[in-house]
Amino acid sequence: MTEVVCNDHLGKKVCISCNTDDTIGDLKKLITAQTGTHWNKIVLKKWYMIFKDQVSLGDYEIHDG
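Scoring rules and cut-offs
Residues numbered from 1 in each chain as written. Predicted model: local features only at pLDDT ≥ 70, side-chain atom pairs only at ≥ 80, totals over all residues. Heavy atoms only, no water. Buried < 20%, exposed > 50% of the residue type's maximum accessible area, 1.4 Å probe, protein only. Helix = DSSP H or I, 4+ residues; strand = E, 2+ residues; numbered from the N terminus. Pairing = 2+ DSSP bridges. Core = buried A, V, L, I, M, F, W, Y, C linked by side-chain atoms within 4.5 Å. Contact = heavy atoms within 4.5 Å. 1 Å grid on protein atoms, 1.4 Å probe; cavity = no way out; pocket = protein on both sides within 12 Å on 5 of 7 lines; lining within 4 Å. Points joined across faces, edges and corners; volume = space filled by probe spheres on them. Phe/Tyr/Trp six-rings, centres within 6.5 Å; stacked < 30°, edge-to-face > 60°. Lys NZ or Arg CZ within 6 Å of the ring centre and 35° of its normal.

Looking at this structure, how should I read the pairing of strand E1 (residues 2-7)?
Side-chain direction in a regular strand flips from residue to residue, so the side chains alternate between the two faces of the sheet. Burial of E1 is one-sided: the residues Thr2, Val4 and Cys6 facing one way are buried, the residues Glu3, Val5 and Asn7 facing the other way are not. Where E1 meets strand E2 (residues 13-18), six bridges bridge the pair, whose relative direction is antiparallel. Its bridge partner lying in E2, Cys6 is registered against Val14. Here E1 folds back onto E2, and the loop between the two strands holds five residues, one of which, Gly11, carries a positive phi near 95°.

See below:
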């Protein structure tokens, strides 16, 4: 299990536990369960790179640590 920390522009921070073989779309749905924002409206990015929904977290090298 990997713990991913997500921030929004309003300063709200959410910690999500997921597996490295989950896709970005799955992660968005887990974020939706905690924040209430519709998963289609969520855009996950790191700096200027926007993550695509069908790619897994392991492919983006998002892992524990």
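Text resumes after the structure shown.
Mind showing me how you'd approach the nonpolar core here?
Across soluble globular proteins, nonpolar side chains have a tendency to be buried as a group. Counting 12 residues, the largest nonpolar core is built from Val4, Cys6, Val14, Ile16, Cys18, Ile24, Leu27, Ile31, Ile42, Leu44, Phe51 and Leu57. Among the elements of the structure, E1, E2 and helix H1 (24-35) are those that each provide at least two residues to this core. Dropping the residues within four chain positions of it, Ile16 is found in contact with Thr2, Glu3, Val4, Leu27, Leu30, Ile31 and Gln34.

Please explain the layout of surface pockets as it appears in this structure.
Over the atoms rolls a probe the size of a water molecule, and its path tells where empty space is left. The calculated volume of the largest pocket comes to roughly 880 Å³. Secondary-structure elements contributing two or more residues to the lining of the largest pocket are E1, H1 and strand E3 (45-46). If you tally residues by element for the lining of the largest pocket, the top one is E1, at six residues.

How should the side chain of Ser56 be read in this particular structure?
Mapped onto the fold, Ser56 is located in the segment after strand E4 (49-50). Not counting residues within four places of it along the chain, the set of residues in contact with Ser56 comprises Thr20, Asp21, Asp22 and Thr23.

What should I look at first to understand unusual backbone geometry in this one?
In most cases, non-glycine residues show a negative phi, while peptide bonds are predominantly trans. Backbone geometry at Trp47 places phi at a positive 55°, although glycine is not the residue there. The topology assignment puts Trp47 in the loop between E3 and E4. Assessed through its relative accessible area of 74%, Trp47 is described here as exposed. Even without being a glycine, Glu61 presents a positive backbone phi close to 60°. With relative accessibility at 64%, the residue Glu61 sits in the exposed group.

Explain the packing of aromatic side chains here, please?
Given two aromatic rings, one states the distance between the centres and the angle between the planes to describe the pair. As enumerated under the stated definition, the model contains one aromatic pair in all. On the basis of an interplanar angle of 55° and a centroid distance of 4.6 Å, the ring pair of Phe51 and Tyr60 is categorised as tilted. Under the relative-accessibility criterion, Phe51 is labelled buried at 12%. Judged by relative accessible area, which is 21%, Tyr60 ranks as partly exposed. Taking NZ or CZ as reference, Lys29 lies 4.8 Å from the ring centre of Trp39, over its face.

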